[in-house]
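Inside the fold
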Amino acid sequence: MTNRKHNFSAGPCTLPLEALEEAQDEFIDYQGAGMSLIEMSHRGKHFVEVAEEAASLAKEAFEVPGDFSVLFLQGGAMLQFAMVPMNLLNPGQKGAYVHSGSWAKGAITDAREYGDIYIPWDGSGHNFTRMPLSNELGALQDHTRYLHITTNETIGGIRFAEWPDVEVPLVGDVSSEYMARPLPWEKFDLVYGGAQKNLGPAGMAVVFIRNSILESCNRNMGRYLRYDIHQSKDSMFNTPPMFPIYLFGKVLKWMVRQGGLTAMEAAAAEKSGILYDTIDASGGYYDCPVETASRSHMNVVFRLANEDLERKFLEQAAQADLMNLKGHRSVGGCRASIYNAMPKSSVEALARFMREFEQDNH
Ligand code: PMP
C-alpha cells in the first residue's frame, strides 16, 4: 500500500493497516454470502458471530474480570457523560468529578443536569498541566456514589500516572487511551470511551460495566439510555453500530497479534518517550507545558516560540507528509496523537523533522 501519510490526528485517527486491508478484502462479499456485512440483518448468523467474538475478545484483550459486561452503544463518549449519572446516581447520592481539563469539564457539565455533582480536585489552578496524585483528592463527601476521572485528557495531553486512592468506585472516561494500558479493575464500576481512537471507526462507545451494579441502576428514562437493558440484550436492544463493532474486532485481533495490552503499553511509553526526549533535548525550542509525571503517552502537546513559527512548523510538517499536528482549536499549539496503531517509524520521522526544523529555524 502506497501513499499512506503519517497521520497524527487526535481521533478519528490512524488505524492498523492490516485491519483496514482485511476489511477491504471482504467488504463487498462477506465470506461468500453475496453481500457485505453492513447489508445483512444484525440478528443474522454472520453478524451475531462478529458481535459475540468482538465482545469476548474485548474482555480478554483488555483483561477484564468476569463480573463485567461489555456494551457497544451509539452516541459516542459524549452520551456516556449523561448516561453515567442518569443510571448510577440514585436519589440522595452524589457524583464526585476530577476536573482535569476540557473533557472532564464536558462530563461535569452534563452530569450537573442529572444529579448532585461536586469537584474534589480542580486542575484549573495549574492550567490543567497535571493530574492529581493518588492521595491528593482529600476526603470525599458522604453519599458519594462514584468518582469520575478522565484517565487521559486528549486536548491537554495529561494522564493519570497514579490511580486515585479513594473509598468509592471509580468511573473512567478512557476514550483516548483505551486498551493502551492495564486498568485496576477492582477500583472501577464502569469504564467508557469512544471507539474512534484506539479501537476503530467513529460511531460507537465501548462500555464496561460491573454486573452487580445493574440491579440498582435507575430505570426512569427512555429505554435506550438504560445500561441494564443493553446488558440483558447483549447490545442488541436496537440495531447496533455494526460496522464499528466489526472493525473493532479486527483491531482487537491486530492488537493481540502485537502482544496484547502489555505490548501496547510498552510501545506507547517508547513512542511518547521519543517525542518527549526530542522536546526536552531542544533546550526550550519546543516546550511541553505538562508536568513530567502527568505526560500523556497518547497525546504529546508542545508549543514553539510564537504562533508564526508554529504555523510554519505545521506547514512544513505537512509537506513532509506529517499530518494533523495542529493542537486542538481551543488551546492552539501542536499535538501529536500517537495511538496504538501509530507506527514507531512515523514517530521517529516526526522526531527527525523536529530536530531539522529546529536547526533550520533558530
Ligand atoms: N472524552 C474524551 C477524553 C475525548 O477525547 C473525547 C473525544 N475526543 C470525548 C470524550 C468525546 O467523544 P465522542 O466524540 O465519541 O462523543
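Located above this text is the structure these notes cover.
Described below are features of the structure shown in this document. Quantities reported herein were computed from a predicted structural model and do not represent experimental measurements. (Residues numbered from 1 in each chain as written. Predicted model: local features only at pLDDT ≥ 70, side-chain atom pairs only at ≥ 80, totals over all residues. Heavy atoms only, no water.)

**Some points on the nonpolar core**
Core analysis: the largest hydrophobic core is formed by 87 residues, its most contacted members being Met179, Phe208, Phe248 and Phe313. Other than its neighbours up to four places away in sequence, Phe313 contacts Tyr286, Phe302, Leu304, Cys334, Phe353, Met354 and Phe357. Among the nonpolar cores identified, the runner-up in size contains 23 residues, and Val84, Leu89, Tyr192 and Leu214 belong to it. (Core = buried A, V, L, I, M, F, W, Y, C linked by side-chain atoms within 4.5 Å. Buried < 20%, exposed > 50% of the residue type's maximum accessible area, 1.4 Å probe, protein only. Contact = heavy atoms within 4.5 Å.)

**Details of unusual backbone geometry**
A cis geometry characterises the amide bond from Gly11 onward to Pro12, with omega recorded as 0°. Within the element layout of this structure, Pro12 appears in the loop between strand S1 (6-7) and helix H1 (17-25). The residue Glu63 is not glycine, and still its phi comes out positive at about 55°. With respect to the element layout, Glu63 can be found in the loop between helix H2 (45-61) and strand S2 (68-73). A positive phi angle, close to 65°, is found at Asp321, a residue other than glycine. Relative to the elements of secondary structure, Asp321 occurs in the loop between helix H8 (307-319) and strand S12 (322-323). (Helix = DSSP H or I, 4+ residues; strand = E, 2+ residues; numbered from the N terminus.)

**A look at the site of the ligand**
In the region of the ligand, the neighbouring residues are Gly76, Ala77, Met78, Phe81, Trp103, Thr150, Asn152, Thr154, Asp173, Ser175, Gln196 and Lys197. The contact in question runs from an oxygen atom of the ligand to an N or O atom on the backbone of Ala77, over 3.0 Å. Side-chain polar atom of Gln196 to an oxygen atom of the ligand: 2.9 Å apart, as the coordinates give it. Surface burial for the ligand is 85%, taken as the share of its 400 Å² of free accessible area covered by protein chains. Here the shell around the ligand gets four residues from one element, more than from any other, and that element is helix H3 (residues 76-88). When the residues that make up the shell around the ligand are grouped by side-chain class, the tally is four nonpolar, six polar and two charged. (Near = heavy atom within 4 Å. Polar contact = N/O pair within 3.5 Å; in protein donor to acceptor, adjacent residues only side chain to side chain. Areas by Shrake-Rupley, 256 points an atom, 1.4 Å probe, with all protein chains shown as cover. Nonpolar A, V, L, I, M, F, W, Y, C, P; charged D, E, K, R; others polar.)

**Focus: the packing of H8 against helix H9 (residues 344-360)**
In the contact formed by H8 and H9, the axes pass within 11 Å of each other and the chain directions differ by 130°. Regarding the angle of H8 to H9, the classification is oblique. Crossing of H8 against H9: the hand is right-handed. Facing Leu309, Lys312, Phe313, Gln316 and Ala317 of H8, the residues of H9 in contact are Phe353, Met354 and Phe357. (Axes fitted to C-alpha atoms, helices over the stretch in contact; angles between N-to-C directions. Parallel < 35°, antiparallel > 145°, perpendicular 65-115°, else oblique. Left-handed = near helix turned anticlockwise from the far one by under 90°.)

**A few points about the pattern of salt bridges**
With the rule as written, the count across this model stands at 18 salt bridges. A salt bridge links Arg311 to Asp308; the nearest nitrogen and oxygen atoms lie 3.0 Å apart. Here Asp308 and Arg311 lie together in helix H8, a separation of three residues that amounts to about one turn. Close ionic contact of Glu348 with Lys344 constitutes a salt bridge, the shortest N to O distance being 4.0 Å. Taken together, the residues Glu348 and Lys344, both in helix H9 and four residues apart, mark about one turn of the helix. The partly exposed category is assigned to Glu348, whose relative accessible area is 32%. (Salt bridge = Lys/Arg side-chain N within 4 Å of Asp/Glu carboxyl O.)

**Focus: the packing of aromatic side chains**
Within this structure, the stated rule accounts for 20 aromatic pairs. Seen from their ring centres, Phe353 and Phe357 are 6.0 Å apart, and the 35° between their planes marks the pair as tilted. With Phe353 and Phe357 both in helix H9 and four residues apart, this pair spans about one turn of that helix. By relative accessible area, which is 2% here, Phe357 ends up buried. (Phe/Tyr/Trp six-rings, centres within 6.5 Å; stacked < 30°, edge-to-face > 60°.)

**Side note on the environment of Asn238**
Relative to the helices and strands, Asn238 is located in the loop between helix H5 (227-232) and helix H6 (242-257). Here the alpha-carbon distance between Asn238 and Tyr224, two residues 14 residues apart in the chain, equals 8.2 Å. Here Asn238 is in contact with His42 and Tyr224, once residues within four sequence places are set aside.

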